[in-house]
Every structure is written in structure tokens, then in C-alpha cells.
Amino acid sequence: MSNILSQDEIEALLNSLGDGPDQAASPAPAEASGKQKEQNKPSWMKGGDKKPARSDIPFEVYDFRRPDKFSRDQLRTLQMLHETFARLAGSSLSAYLRTPVTVELISLEQVPYEEYMRSIGGSVFTIISMPPLTGQAVIEIEFGLTFSIIDRLLGGPGHSISRMSLSDIERPLVRATLEQMFGSLKSAWEGVVILNPGIEGMETSAQFVQIAPPSDIVITMLFEVKVGEQRGAMSICVPYLTLKPITPKLSAQRWFVSANKKQGNGVRKNISHQVRHAEVPCTVELGKAHISTQDFLKLAVGDVLRLETRSDDDIKFLIGPTPKFSGRIGLSGSKMGFTITDTIKGN
């Protein structure tokens, strides 16, 4: 059958268009229209009711049991936030435990809460709150890593022991370690929201940790922690409903803008405040004298040392080890005073 219309068919088609919608079209244009529709069909529909091959249709697998709550952009932002947390926590714990500590983010994903709990073995579960966000989160640390940290805090080399419970002495040590990491978590999240994490409870069995319904989606962050020669895993689990109020802020662009603004204003004010209130040691150097070790060993009460400074010379005023001003000694009430007469340049 030819796909090209004859002259009669073209004229009949034009006449049917001019007669209005109420007039029936002639068989020829109807047949031509059918041919055109056949031509306009997708290639996989031509030639009968043959269905397309599966590889010909673009599709994306979607699991309705695990619906995605966070976009890729939001997941990237969360990843950057917790990479920052890992770096800060490593530095903080290194100073706290007095040994090199490395914290590295291994993975970040959104999964149902029951799947997260099934993947956890023997660990210490710390339930935390994160005001102003509602709801709770969980920080999970393997027992081996926990006891290695406890051994460090008690003066040991950081060896781990095979035990699945915490004593009344060990629990406060774990709490103190987690509170040490809260400062790093708060600093990492400053660009999005000012968190005030607090410990709500501590468990050693997963069945007593219920921060979300089993089917609810949670964000899980898995970290590898190295304390000295010991390695272990740590994870953080935050329910979607806890983060839902701030999801609009979890865009990389907004986070970078907020970080730049904070860098320009907040950090400058903070540095200025710290500098203004920093304590600076100030000393006045009356003079110097050089004596031998033999004479030094013979010094006694009442001996007089002759200094290199003359009685009418200016003396130096030092800030830390650096001389900054010159001046003279005087009295201020009943106490000794110093009058600045000049600035020592070049320091």
C-alpha cells in the first residue's frame, strides 16, 4: 500500500476540512488519515500489536518498599557535612585521648529503619536529641572500639576486650567521649542549623532502641575510626522526619552561600572577640648582667648585682618575649608603675 496520497485524495481531504466538523469526511481522506496515523505511531507500534522489547524503553527501577525521601543534591550536602564532622571529630578525639585518631566517612545512604537495625551487631547505642530539631537520633559504636577508647582513658595502651556490656564506671567515660564529639557535630552543622545535641539514653541491645517505626526511612552514616592501632566502626542514624523541617536548607548551593556568609561575618566577629579577650603576658625588663657560674653559685641574700642599664636610661616593656615599648619606672599609689615614653620599632 502506497504511503503517498493521490490528487483526488488530497482534494477530498481539503473539501472535508472546509465543510466544517458536522459533515462526515469521505472514505478517501479517512483512509489517508489512517495512513498518517500509522506513520505517526512509534516504530515499536507499527506492524500489529507487537509490544516493545524491554531494552527499547528507558526506565528506572523504583522500590516502593524503600521510597527515596532525599534528593541527590540533599544527600551530597549531608555527605559534605559529615565529612567535615569526621575531620573535626578526629582532631578533637586526638587531643582528648592523647593518641592519633582518624575518623573517615565510608558511606551515606537512606534505608528503612528496620534494615539499619538488622545490619548492626554488638554495639553501644547512644540515643541523642538534637534541638531545635524534634525527634531523636542514634550514635552506634562497636564494642571493640568502645573498650579501646575506655582503656585509653584509664591510662592503658588502648587494648580491646571481648565483652558485650558496660559497667557503671565505663558508662560515664563513654558519655564523656560522645560529648567531646558533640562540639564537632555542632560545628559541622552550623551552616544549616545550630544544633545542641544531648544524650537521652544509652543501650547495649538494639531491641531497646526505637527512634522510628520499622518502615520509616532514615539516613545512616557509616564511619571508620582508628584509635592508635585499633580500628572499629561507628555509625549515626537520623530519621527522615527529624530532618524534614530543614530539607529545603540541604541544598549544596544554599549551604555554600551560608558558609561564605558565615566566613565573612560570624568568623570575623568570633576571631575579633577571642583576640580582644586573650590574656597577654607583659613584663618590664630592668636590665641585664653577665656573671660566671661560680659567682652565681655564691649569691646570697643582700648581694647586689650591677646591671648594664644606667639609672637614667629607659627600660624595656615586653609583650611575651618581644620588646614593644620603652619607658621609666614610677609609682602608682602604693604600687610600682611604668610610664611609656616611646615605641620600639621593628618588633
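For the structure, check the block above.
About the cut-offs
- Residue positions are counted from 1 within each chain, in the order its sequence is given.
- In keeping with the predicted nature of the model, local features appear solely for residues at pLDDT of at least 70, side-chain atom pairs appear and are counted solely at 80 or more, and the whole-chain, interface and lining totals rest on all residues.
- Hydrogens and water molecules were not included; the side-chain quantities draw on all heavy atoms of the structure.
- Here a helix means four or more residues in a row that DSSP labels H or I, a strand means two or more in a row labelled E, and each is numbered from the N terminus.
- Buried, partly exposed and exposed residues are distinguished by accessible area as a fraction of the type maximum, computed with a 1.4 Å probe on protein chains only: under 20%, between the cut-offs, and over 50%, respectively.
- The contact rule is simple, with two residues in contact once any of their heavy atoms fall within 4.5 Å.
- Every accessible area reported is derived by Shrake-Rupley at a probe size of 1.4 Å, with residue values counting cover from the shown protein chains alone.
- Here, a strand pair is defined by DSSP locating no fewer than two bridges between the strands.
- Where helices are involved, their axes are fitted lines through C-alpha atoms of the stretch in contact, as for all axes, and angles between N-to-C directions lie from 0 to 180°.
- Angular relationships are summarised with four words: roughly parallel below 35 degrees, roughly antiparallel beyond 145, roughly perpendicular across 65 to 115, and oblique for the angles in between.
- Crossings are classed by handedness, with left-handed meaning an anticlockwise turn of the near helix from the far one by less than a right angle and right-handed meaning a clockwise turn.
- Working rule for helices: expected span equals 1.5 Å times residues minus one.
- Residues are grouped as follows: Ala, Val, Leu, Ile, Met, Phe, Trp, Tyr, Cys and Pro are nonpolar; Asp, Glu, Lys and Arg are charged; all remaining types, including Gly, are polar.
- Two rings from Phe, Tyr or Trp (for Trp, the six-membered ring) form a pair when their centres sit within 6.5 Å of each other. Planes less than 30 degrees apart are called stacked, planes more than 60 degrees apart edge-to-face, and all others tilted.

1. Digging into the overall build of the protein chain
Check the secondary structure of the protein chain and you find ten helices and ten strands. Expressed as a percentage of its 347 residues, the buried residues of the protein chain come to 32%. In the protein chain, of all internal contacts separated by at least 6 residues, the share reaching a separation of at least 24 is 62%. Carbon together with sulfur atoms contributes 53% to the accessible area of the protein chain, which is approximately 22,600 Å² in total.

2. Regarding the sheet that holds strand S3 (residues 136-142)
Read across the sheet, six strands follow the order S1-S5-S6-S3-S2-S4 without closing on themselves; strand pairing throughout is antiparallel. Bordering the open sheet on either side are strand S1 (101-112) and strand S4 (198-203), each of which pairs with just one other strand. Averaged over all neighbouring strand pairs, the angle between strand axes comes to 20 degrees, with direction disregarded. As defined by bridge partners, S1 adjoins strand S5 (residues 217-227) across eleven bridges and the pair is classed as antiparallel. Bridging across to S5, Gln-110 finds its partner in Ile-219. In this fold helix H3 (residues 72-97) packs onto S1, S5 and strand S6 (230-239), with an angle of close to 145 degrees to the strand it touches most, S1. Its contacts with the sheet place helix H6 (residues 170-188) against strand S2 (123-129), S3, S4 and S6, and it is angled at close to 140 degrees to S4.

3. Quick look at the environment of Leu-243
Mapping Leu-243 onto the fold places it in helix H7 (residues 240-243). Judged by its relative accessible area of 2%, Leu-243 falls in the buried class. Setting aside its immediate chain neighbours within four residues, Leu-243 contacts Phe-70, Leu-78, Leu-133, Trp-189 and Val-238.

4. Side note on the packing of H3 against H6
At a minimum axis distance of 8 Å, the contact between H3 and H6 shows a crossing angle of 140 degrees. Classified by the interaxial angle, the pair formed by H3 and H6 is oblique. As H3 runs across H6, the sense of the crossing is right-handed. For the pair formed by H3 and H6, the contact residues are Leu-81, Thr-84, Phe-85, Leu-88, Ala-89, Ser-92, Leu-93 and Tyr-96 on the first element and Ala-176, Thr-177, Gln-180, Met-181, Ser-184, Leu-185, Ser-187 and Ala-188 on the second.

5. So, H6
Note on helix geometry: an α-helix contains 3.6 residues per turn, so any two residues three or four positions apart are oriented the same way. In a regular helix each residue adds 1.5 Å, so 19 residues correspond to 27 Å; H6 covers 28 Å between its end C-alpha atoms and thus fits that length. Taken together, the buried positions of H6 are occupied by Glu-170, Val-174, Thr-177, Leu-178, Met-181, Phe-182, Ser-184, Leu-185 and Ala-188.

6. Observations concerning the packing of helix H5 (residues 143-153) against H6
Between H5 and H6, whose axes approach to 10 Å, the crossing angle comes to 95 degrees. Comparing their axes, H6 and H5 come out roughly perpendicular. From H5, Thr-146, Phe-147, Ile-149, Ile-150 and Leu-153 reach across to H6, where they touch Glu-170, Leu-173, Val-174 and Thr-177. Each residue belonging to the contact of H5 with H6 can be placed in one class, and the counts come to six nonpolar, two polar and one charged.

7. Description of the sheet that holds strand S9 (residues 322-332)
The strand order across the open sheet formed by four strands is S7-S8-S9-S10, and the pairing between neighbours is antiparallel. With one partner strand each, in any of the chains shown, strand S7 (282-285) and strand S10 (335-343) form the two edges of the open sheet. Going from strand to strand, the sheet's axes swing by 40 degrees on average, the running direction of each strand aside. Bridging between S7 and strand S8 (residues 315-319) involves four bridges; their strand directions are antiparallel. By the bridge assignment for S8, Thr-283 is matched with Leu-318.

8. Comments concerning unusual backbone geometry
Cis geometry is found at the peptide bond from Pro-131 to Pro-132, where omega equals 10 degrees. Tracing the chain through its elements places Pro-132 in the loop between S2 and S3. Backbone geometry places Arg-98, a non-glycine residue, at a positive phi of 60 degrees. In this fold, Arg-98 is placed in the loop between H3 and S1.

9. Section: the packing of aromatic side chains
The geometry of an aromatic ring pair comes down to the distance between the two centres and the angle between the two planes. Applying the stated criterion to the full structure yields four aromatic pairs. Judged by centre distance (6.0 Å) and plane angle (15 degrees), the ring pair of Phe-143 and Phe-147 falls under stacked. Highlighted residues: Phe-143 and Phe-147, both in helix H5, separated by four residues, approximately one helical turn. Each member of the pair, Phe-143 as well as Phe-147, is classed as buried. Ring centres of Phe-317 and Phe-325 lie 6.0 Å apart, and the angle between their planes is 55 degrees; on these two criteria the pair is classed as tilted. With a relative accessible area of 16%, Phe-317 lands in the buried category.

10. Points about the pairing of S10
Two faces, one strand: in a regular strand the side chains alternate between the faces of the sheet. Both S9 and S10 contribute to a ladder of eight bridges, which runs antiparallel. When the bridges of S10 are listed, Arg-328 appears paired with Thr-339. With antiparallel pairing between neighbouring strands as the criterion, S9 and S10 make up a hairpin whose turn holds two residues, including Gly-333 at a positive phi of roughly 70 degrees.

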